[in-house]
Amino acid sequence: MEEEKQKDKDTLIPVIPMRDIVIYPQMMAPVFISRKKSLIAIENAVLTESHHVVLVAQKDPTIEEPDIKDLYEYGMLVKVVQLLKFPDGSVKALVDGLKRVQTGEITIEEDILKGHYRVLQEMRVETEETKALLNLTVEKFKEYIRKTTKINAESFVSLEEIKDAGKLSDIIATYLSVDLSEKQKILEILNTYERLEYVSKLLSREIELLGIEEALQEKVRYKLGKSQKEYLLREKLKAIKEELGGEEGMDEVEEMLQRIESANIPKYVKDSLIKEVNKLNRMPFYTAETSVIRTYVETVLDLPWEKRSDDRFDLEEAKNILDNDHYGLEDPKERILEFLAVKKLSQSPQATIICFVGPPGVGKTSLARSIARSLNRNFAQVSLGGINDESEIRGHRRTYIGSMPGRIIRAVQNAGTKNPVILLDEIEKMLPSHMGDPTAAMLEVLDPVQNSHFTDHYLDMEYDLSEVFFIATANSIDRLFKPLRDRLEVINLPGYTEEEKLNIAYKYLIPRQLEANGIKPEQLEFDEDSVKEIINKYTREAGVRELERHIAKACRKAAVEIVKNPETTIKLEHENLTDYLGAYKYVRAAAEKEPQIGLVHGLAWTEVGGELLEIEASIMPGKGRLNLTGRLGEVMKESAQTGFSYIRSNYDRLGLSEDIQDKYDVHIHAPEGATPKEGPSAGIALTLAMISAFTKRPVRSDTAMTGEITLRGRVLSIGGLKEKCIAALRNGITDIIIPKMNEKDIIEFPDYLKNQINFKLVEDFNEVLDCALL
């Protein structure tokens, strides 16, 4: 310590006189410097390693060029943190108070003041009396803050946490509007108790002065009586309204209040709306904020807070409605009836959410509408495809222009009841983005534990969604967020067979289009063969949307002829079909009727249903290369490589020469090369095509197959079996080779598939050879 003091005494440091400010330790403050000597001194300080300078207050702030005798002996050692130069040459310096110092001999060197200094040590006093004085001073300062308008109260939230008397004194002294001499005295008092006591006395004086000022202001203020003030304000408001041309404002507020009072809404909603309307009443009319509040109040009042429709859990009626609206789909219908039966017995909130999964056009949306009809509930639809903003689900906050509730709340509002059926269409097509993850927001909506107090950002209050019957639809659940998928009861809707499409066309589509186009049934007749041709040669889909479009096109063409000749009757047949629908769009590469070498009928699954996948293999002289064409995906290419390796490792058992890989190249092609193909399920078909090409043995043309192959020849399970079987039937194939592991899936197949298809279950590739290779 002695060495440090000696060092302080020996150190010459720039000294800068200050007119009207006293800096305290741990205080960061800006100081403005314009005098030439002070400017040179501060710039010299910045050039040193420490950036230190001593600030000393002037005894008389009016003196322009103070002498050494005009300065106080005690000052503050500060560090210059930042300098900002102004165009007029003056400088704003940001300084950090370090320590109280006593200046020694001050001299003028190189046109600036320099001097020695000694660091002063505080005398800390920590007694019970000090603690009591600390608490008293804090309370006084709080009162001072309340009375003065010069200090922001938010800056002193944690004032009670300061237990150091000296530090508290310095902080309060910074904000007191007292004379410079009094601030200097606070700086010079080293005993922390005495310093706090002095600051406390100054606080008491200042609070008393503020009280006197308030009393004087009250005396000179002109006071209006309450009734007189209200009268004047109402007269002004009346005059303003007359100038604006009407009295809509007050009438609208009164109307809103009456509507709120008479509305059947919970008390917390009513209180919140009354608060908003009172805010509206205090605002000038025709401002932007008033329209926001009006829209908000009307939106909240339009919501069905207590309005419900009476549920009807009549299973017979539900079955009749489902049968009348949809042909086939026996398994989904059965699942729906089970679901309704459980709901009737439990009378509890929806435990799981139904999710219809299937290709486009198979009736997912219309099934949801039928469920709403059978339950006697209102129906609303929310399209989720392409949504990438969380606010679309949770709503936009009212701080934004054009904000509105989320799609879920809007759907409930459109339905008009608290317990509607809401269809969440294409739920798997929501996309996370930088604006949030809508799938995560959907978790709260679909969780029966959480959705009873769902909070929309726009409403900013809880809304009970537990009585809403949510139904989701998806083309595929593979891309669905896993926690969201766990909340869904998946019901698969496979594609329709040709027979089912034919029945749907005659029972639903043709009557609907005849009525839509104003044609009587006796004026236009569809031949059965013509409808089959439309199904097979003009459409390629799992559902019936494209089929209905072509029926509608034929009806429009017929309508033209009927208008020209009202007495005409038209029959759509094979001979005149192209006249109404144009040339065939698709000529299905239906199964070759004759067995072929190197040609295998594989089965593929796509989002529009199952498809027959022809695989061709050809060998030629070469060096054992395997060429793959037809836009095969990476997994499918690996399946082909696995099959090729299986053949090479089993050449002896297959009756092939040992050097086949050295003599021949193999080329595998999947026709319709523009269509991408992916997945491991074509493994056995690819392998069989290569073996057929090598052995020159043809493959059965009445057999299709699907299954993944391993290097050891095991046949593994695959997905989408039902859709693949429908595709095989559509192409006239009834013998299908499938993995034995998929035997469990056949149990859930509808009867028409079980009855028409001859399933050949295989575990090893040798069984495939026995079944398919001639």
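How each quantity is defined
- Per chain, residues are indexed from 1 in the order of the written sequence.
- In keeping with the model being predicted, local features are shown solely for residues with a pLDDT of at least 70 and side-chain atom pairs are shown and tallied solely at 80 or more, while totals for entire chains, interfaces and linings include all residues.
- Note that the side-chain values use all heavy atoms of the structure and ignore hydrogens as well as water.
- Throughout, nonpolar core names a set of buried Ala, Val, Leu, Ile, Met, Phe, Trp, Tyr and Cys residues whose side chains join them through atoms within 4.5 Å.
- Burial status follows relative accessibility: with a 1.4 Å probe on protein chains alone, a residue under 20% of its type maximum counts as buried, one over 50% as exposed, and anything between as partly exposed.
- Helix and strand assignments follow DSSP, with helices taken as H or I runs no shorter than four residues and strands as E runs no shorter than two, numbered in order from the N terminus.
- We call two residues contacting when some pair of their heavy atoms lies within 4.5 Å.
- Two kinds of site are reported from a 1 Å grid over the protein atoms alone, namely cavities, where a 1.4 Å probe fits but cannot get out, and pockets, open sets with protein on both sides within 12 Å along at least five of seven lines, and residues are called lining when an atom falls within 4 Å of a point.
- Grid points are joined across faces, edges and corners, and a volume is the space filled by probe spheres set on the points.
- Residues are sorted three ways: Asp, Glu, Lys and Arg are charged, Ala, Val, Leu, Ile, Met, Phe, Trp, Tyr, Cys and Pro are nonpolar, and all the rest, Gly among them, are polar.
- Aromatic contacts are taken between Phe, Tyr and Trp rings whose centres are within 6.5 Å, Trp giving its six-membered ring; a plane angle under 30 degrees counts as stacked, one over 60 as edge-to-face, and the others as tilted.
- One side-chain nitrogen of Lys or Arg within 4 Å of one carboxyl oxygen of Asp or Glu is enough to make a salt bridge.
- To count toward a patch, a residue needs a relative accessible area over 30% and no salt bridge; like charges are then connected within 9 Å, while nonpolar side chains (Val, Leu, Ile, Met, Phe, Trp, Tyr) are connected within 5 Å.
- The protein chains shown are the only cover counted for residues, whose accessible areas, like all others here, come from Shrake-Rupley with a 1.4 Å probe.
- Whenever a pair of cysteine sulfur atoms sits within 2.5 Å, that pair is classed as a disulfide.
- Helix span, expected: 1.5 Å multiplied by one less than the number of residues in the helix.
- Every residue carries a pLDDT, the predictor's confidence in it, which falls somewhere between 0 and 100.
- Note on pairing: two strands pair once DSSP finds at least 2 bridges between them.
- With axes taken as lines fitted to C-alpha atoms, and helix axes fitted only over the stretch in contact, angles between N-to-C directions fall between 0 and 180 degrees.
- Under this scheme an angle from 65 to 115 degrees is roughly perpendicular, one under 35 degrees roughly parallel, and one over 145 degrees roughly antiparallel; angles in between are oblique.
- With the far helix as reference, a near helix turned anticlockwise by less than a right angle produces a left-handed crossing, and one turned clockwise produces a right-handed crossing.
- When charges are counted, Lys and Arg are positive and Asp and Glu negative, with His and the chain ends excluded.
- Charge placement uses NZ in Lys and CZ in Arg. For Asp and Glu, CG and CD serve respectively.

1. Describing the nonpolar core
Counting 61 residues, the largest nonpolar core has Ile16, Ile23, Val54, Leu55, Val95, Tyr144 and Leu176 as its most contacted members. Considering every element that reaches this core, the biggest residue donor is helix α6 (residues 192–220), with eight residues. With residues up to four places along the chain from it excluded, the contact list for Tyr144 reads Ile151, Tyr175, Leu176, Ser177, Leu203, Glu206, Ile207 and Leu210. By size, the runner-up hydrophobic cluster in this structure holds 51 residues, among which are Val253, Val297, Leu465 and Phe470.

2. Here's the deal with empty space enclosed by the protein
Summed over all chains, the structure comprises four cavities of 30 Å³ or more. One number sums up the size of the largest cavity: a volume of about 90 Å³. Grouping the constituent residues of the lining of the largest cavity by class yields seven nonpolar, one polar and three charged. When its volume is computed, the second largest cavity comes out at roughly 60 Å³. Lining the second largest cavity are Met18, Ile21, Val22, Ile23, Leu55, Val56, Ala57, Tyr74, Gly75, Met76, Gln184 and Leu187. Broken down by secondary-structure element, the contributors of at least two residues to the lining of the second largest cavity are β3 (52–57), β4 (74–85) and α5 (180–188). Grouping the amino acids of the lining of the second largest cavity by side-chain chemistry returns 10 nonpolar, two polar and no charged.

3. Digging into the packing of aromatic side chains
This structure, assessed with the given rule, holds eight aromatic pairs. When the ring of Tyr664 is compared with that of Phe694, the centres are 6.4 Å apart and the planes differ by 70 degrees; the resulting orientation is edge-to-face. With Tyr664 in strand β19 (residues 664–669) and Phe694 in helix α24 (residues 683–695), this pair connects stretches of sequence that are 30 residues apart. Overall, the relative accessible area of 29% leaves Tyr664 in the partly exposed class.

4. Quick notes on the pattern of salt bridges
Scanning the entire structure with this criterion turns up 39 salt bridges. For Lys418, the salt bridge is made with Asp464, and the minimal N-O distance between the two is 3.9 Å. With Lys418 in the loop between α15 (407–415) and β9 (421–425) and Asp464 in the loop between β11 (461–463) and β12 (469–474), the pair connects residues that are 46 residues apart, well separated along the chain. Using a relative accessible area of 8% as the deciding quantity, one classes Lys418 as buried. Residue classification places Asp464 among the partly exposed positions, given a relative accessible area of 22%. Notably, a salt bridge pairs Asp486 with Lys482, separated by 4.0 Å at the nearest N-O pair. Linked through salt bridges whose partners overlap, the residues forming this network are Glu306, Arg308, Lys418, Asp464 and Glu467.

5. Concerning a nonpolar patch on the surface
Nonpolar side chains collect at one region of the surface, where Phe32, Leu84 and Phe86 lie side by side and expose about 310 Å² of accessible area between them. Tracing the chain through its elements places Phe86 in the loop between β4 and β5 (91–109). Residue classification places Phe86 among the partly exposed residues on the basis of a relative accessible area of 33%.

6. Focus: the state of the cysteines
In the structure shown here, the tally under the stated rule is zero disulfides. In this structure Cys725 is not part of a disulfide, and its nearest cysteine sulfur, from Cys771, lies 15 Å away.

7. Things to note about helix α22 (residues 634–649)
The terminal C-alpha atoms of α22 lie 23 Å apart, and with 16 residues this matches the ideal 22 Å at 1.5 Å per residue to within 8%. Of all the positions in α22, only Met636, Ser639, Ala640, Thr642, Gly643, Phe644, Tyr646 and Ile647 are classed as buried.

8. Thoughts on the confidence of the model for the protein chain
Looking at the protein chain, the pLDDT average stands at 83 and 91% of residues meet or exceed 70. At the low end of the mean pLDDT range in the protein chain sits helix α1 (residues 2–10), at 47; at the high end sits strand β23 (residues 735–739), at 93. Predicted confidence is poor over residues 1–8, with pLDDT under 50, and the contacts of this stretch with residues over four places away or in other chains come to six contacts.

9. Quick notes on the pairing of strand β8 (residues 379–383)
In β8, alternate side chains face the same way, and those of Ala380 and Val382 are buried while those of Phe379, Gln381 and Ser383 on the opposite face are not. Pairing of β8 with β9, which is carried by five bridges, proceeds in the parallel orientation. Across the sheet, Val382 pairs through a bridge with Leu424, a residue of β9.

10. Some details on the pairing of strand β2 (residues 28–33)
Put simply, side chains in a regular strand alternate between the two faces of the sheet. Burial of β2 is one-sided: the residues Ala29, Val31 and Ile33 facing one way are buried, the residues Met28, Pro30 and Phe32 facing the other way are not. Two elements, β2 and β5, share six bridges in a ladder whose sense is antiparallel. Bridge pairing in β5 links Val31 to Ala93.

11. Regarding the packing of helix α11 (residues 315–325) against helix α12 (residues 330–346)
At a minimum axis distance of 10 Å, the contact between α11 and α12 shows a crossing angle of 155 degrees. On the basis of the axis angle, α11 is roughly antiparallel to α12. Along this stretch, α11 crosses α12, giving a crossing that reads as right-handed. Note on element contacts: α12 touches α11 through Lys333, Ile336, Leu337, Leu340 and Ala341, opposite Leu315, Ala318, Lys319, Leu322 and Asp323. Its residues assigned to classes, the contact of α11 with α12 comprises seven nonpolar, no polar and three charged.

12. Focus on the packing of helix α18 (residues 498–516) against helix α19 (residues 528–537)
Two elements in contact, α18 and α19, have axes separated by 10 Å at closest approach and are oriented at 115 degrees. Relative to α19, the element α18 is oriented roughly perpendicular. The handedness of the crossing between α18 and α19 is right-handed. In this structure, α18 contributes Glu498, Lys501, Leu502, Ala505, Tyr506 and Ile510 to the contact, and α19 contributes Glu528, Val531, Lys532, Ile535 and Asn536. Tallied by class, the residues present in the contact of α18 with α19 amount to six nonpolar, one polar and four charged.

13. Thoughts on a negative patch on the surface
Taken together, Glu330, Asp331, Glu334, Glu338, Glu748 and Asp751 make up a surface patch of like negative charges. Here Asp331 shows up in helix α12. The exposure class assigned to Asp331 is partly exposed, which follows from its relative accessible area of 30%.

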